[in-house]
Structure formats: C-alpha cells, structure tokens
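What the coordinates show
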Amino acid sequence: MKKCYINGVGCVSAQKTFGEGFLDEVIVNKDNNVLEISQPDYKEFIAPAAGRRMAKGVKNGIVASAMALKEAGLDQPDAIITGTGMGCVVDSEKFLKAILDNNEEFLTPTSFIQSTHNTVGGQIALGLQCKAYNFTYVNGAVSFESALIDAQLQIDEGEANAVLTGGVEEAGEATMHFLEIKGNIKSKGQTDYDVLTSTSKGSVFSEGAVFFVLSGDKQQTTYAELKDVAIYNVLDKDEVEGKLKDFLKHNNLDISDIDAVVLGYNGDVDFDGYYNELAKNTLSNIPQLYYKHLSGEFNTASAFGLWLASQVVKKQYIPSAVLINSIEKKEYKNIVLYNQYKGKDHSFTLVSKC
Amino acid sequence: MEALKQELKEKIITILNLEDIQPADINDNDALFGDGLGLDSIDALELIVMLDKDYGIKLSDPKEGRAIFQSIETMAAYITENRTK
C-alpha cells in the first residue's frame with residue numbers, strides 16, 4: 001500500500017486543542033455528565049452570513065477542517081471524507097420539535113436542510129468551492145475509522161493525493177437526555193465521573209470535530225505516517241489480544257515494536273474490561289494513554305485519540321494528563337490505538353514516526 | 001403599524017438568526033433581499049412560513065412574495081391588510 005502521511009490536523013474539543021501548546025493546560029471534569037466544548041472564534045473562520053444557519057457541529061467541522069488545511073498548506077483537497085455517528089442532531093431535533101409543536105404544519109426548510117449526516121462535508125465543500133469526491137460514513141463508533149480507510153484507499157488507488165478526512169459529532173440537548181435515560185450517559189449528580197476509577201455504567205459524553213489532511217507526500221508539516229486501520233464489528237474480550245497481534249503482524253510488527261498504546265477507556269464499568277485485556281496483560285510494559293476524560297465519549301471520539309497520537313509522534317513527548325502508567329520510552333516510533341463502544345465497533349489504528 | 005414593524009424586525013432577526021444585527025439597524029425601507037439585508041431564497045421560505053404561522057396569511061402565488069418582502073414597510077402594509085390572526 002502507498003504511504004499515507006498526516007500533514008495537517010485541526011481539533012475542536014472539550015479542551016483547548018487549537019493554537020499553541022499540546023494539552024499543557026487541561027480541563028479535568030468532575031461535575032458534568034456532558035462536557036461542553038472549548039469554542040474557537042468562529043468568526044475567524046466563517047463569515048457571519050454563511051454561519052448564521054449553521055449549528056455548532058457544522059461550524060466545528062468547518063473550523064477543524066480549515067485548521068488542518070492551513071497547517072498542511074493545502075487550498076483544495078482531492079477528496080473530503082467525513083465520519084459521523086449521529087450526524088447533525090441539533091438541526092434534526094429542531095425540525096422534529098417543530099413538527100410536534102406545530103402539529104405537522106408550518107415546517108421551515110433550514111433545519112431540515114441542515115439535519116442530514118452529510119451536512120458537514122457539504123458545507124466544507126461549499127466553503128472551499130470543492131467539487132471533488134465527497135463522502136460521509138455513518139457507522140456508529142467506527143464512522144471515523146471508515147473514513148480513514150476510504151482515505152487510505154483513495155490515496156493508494158491514485159484517485160486522490162491529498163484527502164481531508166475527519167470525524168464530527170454534535171451534542172443535541174434532547175439526544176443527550178435520551179442517552180442519559182437509556183444509561184449510555186452517566187446520570188447527572190453522580191460522583192464517579194473519573195474515567196479510570198469509575199464503578200458505574202455509561203460514560204461522560206461530549207462532542208467535537210477533528211480533521212486531518214492525509215497525503216501520499218511527506219512534507220515539513222508531517223506529523224506521522226498513518227500505517228493501517230482495522231475494524232471489527234463485534235469481538236469478545238478474549239479475542240482482542242489475538243486481533244491486535246494479527247493487526248501488528250499484518251504490518252510486520254509485533255508487540256515489542258509498539259512504543260505506546262492509546263486506549264479508549266470511557267469509564268463504563270461494563271465495557272472498559274476490553275481495554276484491561278490489553279493494558280493489564282500484553283501491553284502492560286509500555287506507556288499507556290487515555291483521552292476520553294478530556295474529550296468525553298462520542299461516536300467519533302477516536303479521532304481525538306488519533307489527534308493525540310499524531311501529536312505524540314511529532315513532538316516526541318506525552319503530556320502527563322493522558323498517561324495511565326508512568327512508563328516512558330526514549331522514542332515514540334510506533335503507536336497503536338484501540339477503541340470500542342459498548343463491546344461493538346472495535347478499531348485498531350497504527351501511526352508511525354517518519 | 002409602528003409596533004408591527006418593530007415586531008417584524010425582531011422576528012426576522014430571530015428566525016433568520018441574523019447575528020450582530022439589531023432591530024434599529026434595519027430601516028423600514030431597506031431592501032431585505034439582494035444588496036440590503038442580503039437575504040436569500042431559503043430566507044424567503046422562512047418568511048412565507050412566518051406569515052402563515054403568525055398572521056394567518058397563506059401565499060398561494062410565490063411571485064407575490066417578491067413585492068411583499070421588498071422591505072419591512074411593504075411587509076407591514078401587506079400583513080395589516082390581510083392578516084387573519
């Protein structure tokens with residue numbers, strides 16, 4: 001397969017992940033079951049006339065993509081590929097509420113138009129006047145990884161050389177409420193929001209947008225090489241280690257070649273055992289990183305994980321806020337990411353120093 | 001009529017999410033579309049729904065909208081003459 005480099009990144013999240021610095025100052029959550037994002041100055045990126053119809057998820061996607069493109073020095077990508085599990089839920093909620101409130105009458109077009117999953121990809125393309133390949137993957141917690149795989153294939157097949165790829169999720173008030181009732185989100189007022197020590201079900205949620213410029217060409221801004229991505233819909237806990245070894249073997253690596261692992265712990269007592277399978281056994285002797293205490297959980301939170309891994313490879317250090325153990329390595333050459341949600345949508349991603 | 005004009009300005013700002021614009025910034029005779037407030041065809045649909053929902057006016061001929069939505073002045077005059085609620 002052709003090489004695929006991460007040449008630019010943009011991240012809008014519950015932390016200040018734009019501008020200078022790399023998680024030097026973090027907001028540690030103790031009181032909230034849904035984290036608010038750290039808002040960029042949208043007007044720097046979006047003209048008021050263009051932004052007035054956009055919900056925050058669309059704006060965040062546009063800002064994150066603009067940051068990634070700027071960093072990579074790219075005006076026009078050859079493809080725009082987006083992953084989102086829930087899509088533009090704020091406008092969906094607005095439209096559905098209008099149906100109920102007005103007894104199915106007086107329905108306005110704006111929220112309906114903006115409610116589709118591919119609104120973010122479409123608005124990015126409109127802003128750039130980019131008529132290239134534009135695709136949105138809606139595959140639950142592997143939506144972002146699906147987008148990554150497509151981007152890699154586009155580059156490998158020579159269909160595109162520079163691909164804008166990202167994950168976007170939006171927290172709608174009603175949707176968060178429903179997820180709390182369902183138990184996916186921890187209840188308000190609980191005291192065990194800490195991801196690593198939690199003994200309760202569910203997780204702390206949030207939203208965000210993370211975009212990457214992936215390219216077949218290495219350049220000065222390159223963070224890392226995106227080596228491989230693998231997806232498994234369903235795995236038992238005792239299958240995880242074997243699948244990881246297969247994944248590494250496919251990339252001519254074994255466990256001893258891995259310098260750090262980024263795990264998607266989210267504080268759900270029912271499913272964090274999947275991560276323990278690796279953290280307490282096979283990968284117990286390497287630096288272990290977690291991030292959902294900073295980003296919150298959402299379908300494309302793993303894009304925040306890839307942002308984190310890319311930064312570690314480029315900067316060659318791990319911020320203390322994301323360390324699970326105290327093991328350090330002289331060099332962070334190969335980092336593997338493992339994520340799953342409720343025992344489904346498992347993904348392995350491998351990035352390497354280049 | 002003046003109260004209606006003020007009401008329309010407030011509604012337009014809220015419904016169309018016109019950030020950074022205050023009712024006082026909109027003159028009664030300013031063009032709402034094109035060079036004036038810069039509204040577009042999607043906004044026109046929002047205004048048509050607003051007329052129906054808030055004033056009981058159904059526009060059967062979309063071409064009528066061009067004249068009605070010319071300015072706050074024309075909108076207020078049309079609503080005053082045709083409103084059913």
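All values derive from a computational prediction rather than experimental measurement.

**Side note on the packing of helix α1 (residues 2-15) of chain B against helix α2 (residues 41-55) of chain B**
All names here are of chain B.
- Viewed as axis vectors pointing N to C, α1 and α2 meet at an angle of 130°, and their least axial separation amounts to 12 Å. The orientation of α1 with respect to α2, classified from their angle, is oblique. Crossing angle aside, the handedness with which α1 passes α2 is right-handed. In this structure, α1 uses Leu4, Glu7, Leu8, Lys11, Ile12 and Ile15 to contact α2, whose residues at the interface are Glu46, Leu47, Met50, Asp54 and Tyr55.
- In the contact of α1 with α2, the residues fall into 7 nonpolar, no polar and 4 charged.

**What about the packing of aromatic side chains?**
Residues and elements named next belong to chain A.
- One pass over the full model with this rule turns up 14 aromatic pairs over all chains.
- On the numbers, 5.7 Å between centres and 25° between planes, the contact of Phe247 with Phe348 is stacked. Of this pair, Phe247 sits in helix α8 (residues 240-250) while Phe348 sits in strand β10 (residues 344-352); the two residues are 101 residues apart in sequence, bridging distant segments of the chain.
- Residue Phe247 is classed as buried on the basis of its relative accessible area, which comes to 3%.
- With a relative accessible area of 0%, Phe348 lands in the buried category.

**Things to note about the interface of chain B and chain A**
- Facing the 15 residues of chain B at the interface are 11 residues of chain A.
- Asp43(B) is the partner of Arg53(A) in a salt bridge, and the nearest nitrogen-oxygen pair spans 2.9 Å.
- At the boundary of chain B and chain A, one finds 8 residue pairs in polar contact (both at pLDDT 80 or more).
- Here the residues of the side of chain B that touches chain A sort into 6 nonpolar, 2 polar and 7 charged.

**Details of unusual backbone geometry**
Residues and elements named next belong to chain A.
- In this model, Gln129 sits at a positive phi of 55°, which is unusual for a non-glycine residue.
- By the secondary structure assignment, Gln129 is in the loop between α5 (119-128) and β3 (133-137).
- Not every positive phi belongs to a glycine, and Asp345 is a case in point at roughly 50°.

**Describing the sheet that holds strand β4 (residues 162-169) of chain A**
All names here are of chain A.
- Pairing is mixed across the open sheet formed by 10 strands, whose spatial order is β3-β2-β4-β5-β1-β6-β10-β9-β7-β8. Taken across any chain shown, the strands that pair with only one partner, and hence form the sheet edges, are β3 and β8 (288-290). Averaged over all neighbouring strand pairs, the angle between strand axes comes to 20°, with direction disregarded.
- Here 8 bridges tie β4 to strand β5 (residues 208-215), and the two strands are oriented antiparallel to one another. Along β5, the bridge assignment pairs Val163 with Leu214.
- Its contacts with the sheet put helix α9 (residues 273-282) on β7 (260-263), β8, β9 (334-341) and β10, and the angle it makes with β9 is roughly 155°.

About the criteria used
- Residues numbered from 1 in each chain as written.
- Chains lettered and ligands numbered in written order.
- Predicted model: local features only at pLDDT ≥ 70, side-chain atom pairs only at ≥ 80, totals over all residues.
- Heavy atoms only, no water.
- Axes fitted to C-alpha atoms, helices over the stretch in contact; angles between N-to-C directions.
- Helix = DSSP H or I, 4+ residues; strand = E, 2+ residues; numbered from the N terminus.
- Parallel < 35°, antiparallel > 145°, perpendicular 65-115°, else oblique.
- Left-handed = near helix turned anticlockwise from the far one by under 90°.
- Contact = heavy atoms within 4.5 Å.
- Nonpolar A, V, L, I, M, F, W, Y, C, P; charged D, E, K, R; others polar.
- Phe/Tyr/Trp six-rings, centres within 6.5 Å; stacked < 30°, edge-to-face > 60°.
- Buried < 20%, exposed > 50% of the residue type's maximum accessible area, 1.4 Å probe, protein only.
- Salt bridge = Lys/Arg side-chain N within 4 Å of Asp/Glu carboxyl O.
- Polar contact = N/O pair within 3.5 Å; in protein donor to acceptor, adjacent residues only side chain to side chain.
- Pairing = 2+ DSSP bridges.

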